[in-house]
Amino acid sequence: MSEKATAPLHSVSVAGVVVREDGRVLAIRRADNGAWEPPGGVLELTESVEDGVRREVYEETGIKVGAERLTGVYKNMSRGAVALVFRCRPESGREQPSDESLEVDWLTPDEVCERMAEVYVVRVLDALREETAPKVRSHDGRRLL
């Protein structure tokens, strides 16, 4: 078997931490498991990373955004999934649920900490930091490693 055939496969997802001027963060309650998370999903093969963030946020929330900067790279060690998270600014649109989101809401940082699992809270808090270097973190799907 060739080295290429045995190479591990990873999926790449993107997420947007959309921050309003008042500091609230756009969040969805997922339709498949009821969990609160920043909007995002799997990057399509033919799209750029920034286009993927814009598409995913719009599809799940009805909000068009501009991607400002990469704030973190997160690897789910149990699933082989790598997530690229961007801080975004809202540009237009109106909050509306989709097939993928039961609810769309603007949460305070405290509400993020109350409603989201640790692996998503850290993504939001990393995006809210003013430092420009992205964080690189690993987790098991629930907790940071």
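Everything numeric here is computed off the predicted structure, so don't read it as measured data.

Here is what the cut-offs are and how they apply
- Residues numbered from 1 in each chain as written.
- Predicted model: local features only at pLDDT ≥ 70, side-chain atom pairs only at ≥ 80, totals over all residues.
- Heavy atoms only, no water.
- Salt bridge = Lys/Arg side-chain N within 4 Å of Asp/Glu carboxyl O.
- Helix = DSSP H or I, 4+ residues; strand = E, 2+ residues; numbered from the N terminus.
- Buried < 20%, exposed > 50% of the residue type's maximum accessible area, 1.4 Å probe, protein only.
- Phe/Tyr/Trp six-rings, centres within 6.5 Å; stacked < 30°, edge-to-face > 60°.
- Lys NZ or Arg CZ within 6 Å of the ring centre and 35° of its normal.
- Pairing = 2+ DSSP bridges.
- Contact = heavy atoms within 4.5 Å.
- Axes fitted to C-alpha atoms, helices over the stretch in contact; angles between N-to-C directions.
- Expected span 1.5 Å × (residues − 1).

Here the focus is the pattern of salt bridges. Scanning all chains against the criterion turns up 17 salt bridges. The partner of Arg24 in a salt bridge is Glu111, and the shortest N-O contact between them spans 3.3 Å. Highlighted residues: Arg24 in the loop between strand S1 (11–18) and strand S2 (25–30) and Glu111 in helix H3 (residues 109–115), separated in sequence by 87 residues. You can call Arg24 partly exposed: its relative accessible area is 27%. Linking Glu91 and Arg89 is a salt bridge whose minimum nitrogen-to-oxygen distance equals 3.2 Å.

Attention shifts here to the packing of aromatic side chains. Applying the stated criterion across every chain, the model contains zero aromatic pairs. Over the ring of Tyr58 we find Lys64, and its NZ or CZ is 5.4 Å from the ring centre.

Relative to strand S6 (residues 81–93), S1 runs parallel, the two sharing eight bridges. Directly across from Val17, in S6, lies its bridge partner Arg87. Here strand S5 (residues 63–76) hands over to S6 after four residues, with Gly80 in that stretch at a positive phi of 70 degrees.

Another aspect to go through is the sheet that holds S2. Within the open sheet, the three strands sit side by side as S3-S2-S7. Their pairing is antiparallel. Edge positions in the sheet fall to strand S3 (36–37) and strand S7 (101–107), since each of these pairs with one other strand and no more. In terms of strand pairing, S2 meets S7 through six bridges, oriented antiparallel. Across the sheet, the residue bridging to Ile28 is Val104, located in S7. Those strands touched by helix H2 (residues 49–61) are S2 and S7, and its axis lies near 65 degrees from that of S2.

Quick look at H2 now. Note: α-helices contain 3.6 residues per turn, so residues at a spacing of three or four share the same orientation. For H2, built from 13 residues, the straight-helix expectation of 18 Å at 1.5 Å per residue is met to within 8% by its first-to-last C-alpha distance of 18 Å. Restricting attention to buried positions, one finds in H2 the residues Gly52, Val53, Arg55, Glu56, Val57, Glu60 and Thr61. Looking at the buried residues of H2, the elements they touch are S1, S2, strand S4 (40–42), S5, S6 and S7. Phi for Gly62, located one or two positions after H2, is positive at around 85 degrees.

Of the strand pairs in this sheet, S2 and S3 are connected by two bridges, and their pairing is antiparallel. Paired with Ile28 across the strands is Glu37, a residue of S3. The hairpin formed by S2 and S3 contains five residues between the paired strands, and Gly34 there has a positive phi angle of roughly 75 degrees.

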